[in-house]
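Remarks on the overall topology
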Amino acid sequence: MSNGNSENADQDRGNVAVADGPEKEGAAEPAVDIESLEREGDIAADYIEGLLDIADFDGDIDMDVEADRAKVSVVGTTLDELVGDKGEVLEALQELTRLAVHRRTGHRSRLMLDIGGYRDSRRKTLTRIGTEMADEVKRKGEVKELEPMSPFERKVVHDAIAGAGLRSESEGEEPNRYVVVYPADD
Amino acid sequence: MLEEALEHLVKGIVENSDDVHVKARRLRKGKVLEVRVHPDDLGKVIGRNGRTAKSLRTVVGALAGGRYVRVDLLDLHEVR
């Protein structure tokens, strides 16, 4: 698929500036229609809201469609237990919520769940880390391996590194998969 | 509250939600939540490599706030 200009250089050619931002995973997939994504959001919101009611958590639920995915955010002040250490409870809840959506729609869902702004703040931190790592690799010209991260976290870091014009890959097995950053002339 | 929360989580992901029953049993050092589901749904609540079961346990553990809670997933007709 050619899009008329040469922003999507397949090979890394050193200091080629990436004008169009980071490469998106699955960018070639057809766009999903907004209506079914909104339905995903509704089902997910019901599922999560039911849990909040039972467990007596105060939280408002926002729904959104972001980058071809439904996004459901629980906003509130005392939701730390639902995020957990390194977001593990949040990941578990997202997994269950996707299954709840799948049961009702028959389609596998890529819905994103956020609680207490965890993903947004994590994204900022990881973008900064990714950019810093890219700078370090540019400076030293050496391959750099990062700490193990979740799929969501690796995605954010890959995007930041691509945004800085370098190439990165994931290596290792879950749950210890980690990002490797390559210098430009590698 | 935990039983109810777990029941809600499981009912939302199975086909036969009317067949979901959660019973709490007290242990000396905490409690067990026995979840019974329709035989056709057992694979679903366990998930590939036990992934769904793990997610359910993680969430219930978080709601239990550090108290020991075991979650057992059983077929509706399983006798114990």
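Rules behind the numbers
Residues numbered from 1 in each chain as written. Chains lettered and ligands numbered in written order. Predicted model: local features only at pLDDT ≥ 70, side-chain atom pairs only at ≥ 80, totals over all residues. Heavy atoms only, no water. UniProt positions renumbered as here; feature names shortened; annotations may be inferred. Helix = DSSP H or I, 4+ residues; strand = E, 2+ residues; numbered from the N terminus. Rg over C-alpha atoms; globule rule 2.2 N^0.38 Å. Buried < 20%, exposed > 50% of the residue type's maximum accessible area, 1.4 Å probe, protein only. Contact = heavy atoms within 4.5 Å. Arc of directions from axis to C-beta.

Looking at an unreviewed UniProt entry, one finds chain B named RNA-binding protein KhpA and attributed to Halostreptopolyspora alba. The record held by UniProt for chain B lists under Subcellular location (unreviewed entry) the comment "Cytoplasm".

As named in an unreviewed UniProt entry, chain A is Single-stranded DNA-binding protein, taken from Halostreptopolyspora alba.

1. Examining the overall build of chain B
Counting its secondary structure elements, chain B contains three helices and three strands. Secondary structure of chain B in N-to-C order comes out as α-β-β-α-α-β. Taken over C-alpha atoms, the radius of gyration comes to 12 Å for chain B, in line with the 12 Å a tight globule of 80 residues would show. Expressed along its principal axes, the backbone C-alpha trace of chain B runs to roughly 30 × 25 × 20 Å. Evaluated residue by residue, chain B yields a buried proportion of 45% over its 80 residues. Within chain B, counting contacts between residues at least 6 apart in sequence, those at least 24 apart form 62% of the total.

2. Structural notes on helix α1 (residues 2-11) of chain B
Within α1(B), the full set of buried residues consists of L2(B), A5(B), L6(B), L9(B) and V10(B). Taken down its axis, α1(B) places every buried residue within 130 degrees of arc, on the same side.

3. With respect to the environment of K54(B)
Residues and elements named next belong to chain B. By the secondary structure assignment, K54 is in helix α3 (residues 51-63). Owing to a relative accessible area of 59%, K54 belongs among the exposed residues under this scheme. A sequence separation of 17 residues divides K54 from V71, and the C-alpha atoms of the two residues are 9.5 Å apart.

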